[in-house]
Amino acid sequence: LHLTGGGFFAHTLAGDLPYLLDWSRYTKSVIICPEYALLPEHRYPSAIDQTSNIYSSIVSGEAGPLLGFRPKHLIVTGEAAGGNLAAALCVKICMQKLLADEVLDDKAFDGALPTGEMQYEGASRLKQQKTPPLRIPDGLMLSCPMLDMSLELTPSRVRGTNDPVLPSGLIKTISDSYLPPGANMDKTDPLASPFYANDEILSLFPPTLICSTDDDPLLDDSVDFNTRLKRSGVESDLRAAHHMPHAFWGLSSAGFPEAKQ
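Residues numbered from 1 in each chain as written. Predicted model: local features only at pLDDT ≥ 70, side-chain atom pairs only at ≥ 80, totals over all residues. Heavy atoms only, no water.

Next up on the list: the pairing of strand S5 (residues 236-241). Sheet analysis places strand S4 (residues 208-213) next to S5, joined by six bridges and oriented parallel. Directly across from threonine 208, in S5, lies its bridge partner serine 236. Note that the unit made of S4, helix H9 (residues 219-231) and S5 has a crossover that is right-handed. (Pairing = 2+ DSSP bridges. Helix = DSSP H or I, 4+ residues; strand = E, 2+ residues; numbered from the N terminus. Right-handed = clockwise from strand over helix to strand, strands pointing away.)

Take a look at the structure:
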């Protein structure tokens, strides 16, 4: 299940197709690439809700008649904004499992719950829905994921201010459009910013591979997230390419032959 990037404003399927076809051929796998709802008409949580519904229909077998098969193994992948959704999907599934096991309460969100009157969508909505837990993916692979929507400055965001794909002004536009400041939504909600999921949630994550670049403005978020996954006992690895811009997976046909390599 592959989730495209595009800053929640667009789908990058045209640029993704070359490597998706390579993946399918080399792994002999079927790749499902849904087009989730986009900004500006559809802000958080529309995209993650649609993504989890699609995932649920696949793993439950409900989508079997449409697909012609029921998958034995399922890997979730995503680039940039799609990486946000892929990680948020895993956060949501892990939260559902903890709720079902009756070990998740407000105390489990120490360090992740907002303060004051901000709306915490993740835990409250899942508690109300009482949705049965879904099967955790067999693996997670992210490329330059946008894990933190809070606009906190990091060294890599400062260094990557003029990244040709994701300059700093675009990061702010995406964040403020996905989670409008006046909408009383907390940008540290783990379903909007998986970076803020606590260790109890992260410990349930599947084996994870994070791809980034040494020039990606979001590199520090990926480094910290990978470190926390490892610390939580998850098999996780981070690989950073040299001298490539943000979201490089789909750039092999756009003048970056190094991307294919």
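Alright, that's what it looks like, and here's the rest.
In this section: the pairing of S4. Moving residue by residue along a regular strand, the side chains alternate between the two faces of the sheet. Counting buried positions along S4 gives six out of six residues, so the element sits mostly inside the fold. Burial along S4 is two-sided: Thr208, Ile210 and Ser212 and Leu209, Cys211 and Thr213, pointing in opposite directions, are all buried. Bridge count between strand S3 (residues 139-143) and S4: four bridges; the pairing is parallel. Bridged to leucine 140 within S4 is threonine 208. (Buried < 20%, exposed > 50% of the residue type's maximum accessible area, 1.4 Å probe, protein only.)

Turning next to H9. With 13 residues, H9 extends 18 Å between its outermost C-alpha atoms, agreeing within 8% with the 18 Å of an ideal straight helix rising 1.5 Å per residue. Residues Leu219, Asp220, Asp221, Ser222, Phe225, Asn226, Arg228 and Leu229 constitute the buried set of H9. Tucked into the core, H9 has its buried residues touching helix H6 (155-159), helix H8 (199-202), S4 and S5. Just downstream of H9 lies glycine 233, where phi reads positive at about 90°. (Expected span 1.5 Å × (residues − 1). Contact = heavy atoms within 4.5 Å.)

Now for the sheet that holds strand S2 (residues 75-79). Taken together, five strands build an open sheet; the order of strands is S1-S2-S3-S4-S5 and the sheet is parallel. A strand with exactly one partner marks an edge of an open sheet, and here the two such strands are strand S1 (2-3) and S5.

Across the protein, the average pLDDT comes to 88, with 89% of residues at 70 or higher. Across the protein, the element-wise mean pLDDT spans from 57 in helix H5 (residues 121-129) up to 98 in S3. (pLDDT = per-residue confidence, 0-100.)

Counting 52 residues, the largest nonpolar core has Phe8, Tyr44, Tyr55, Leu85, Tyr178, Ile201 and Phe205 as its most contacted members. Of all elements in the fold, only helix H2 (46-60), helix H4 (81-100), S3, helix H7 (168-178), H8 and H9 reach the threshold of two or more residues within this core. Considering every element that reaches this core, the biggest residue donor is H4, with twelve residues. In terms of nonpolar packing, the next biggest core, distinct from the first, is built from ten residues, Leu20, Cys211, Met244 and Leu251 among them. (Core = buried A, V, L, I, M, F, W, Y, C linked by side-chain atoms within 4.5 Å.)

Attention now moves to the packing of aromatic side chains. The full count for this structure, using the stated rule, is seven aromatic pairs. A ring pair is formed by tyrosine 19 and tryptophan 23, whose centres lie 5.0 Å apart and whose planes are at 55°; its orientation type is tilted. Here tryptophan 23 and tyrosine 19 lie together in helix H1 (residues 13-27), a separation of four residues that amounts to about one turn. Note that arginine 25 overlies the ring of tyrosine 26, its terminal NZ or CZ placed 4.9 Å from the centroid. (Phe/Tyr/Trp six-rings, centres within 6.5 Å; stacked < 30°, edge-to-face > 60°. Lys NZ or Arg CZ within 6 Å of the ring centre and 35° of its normal.)

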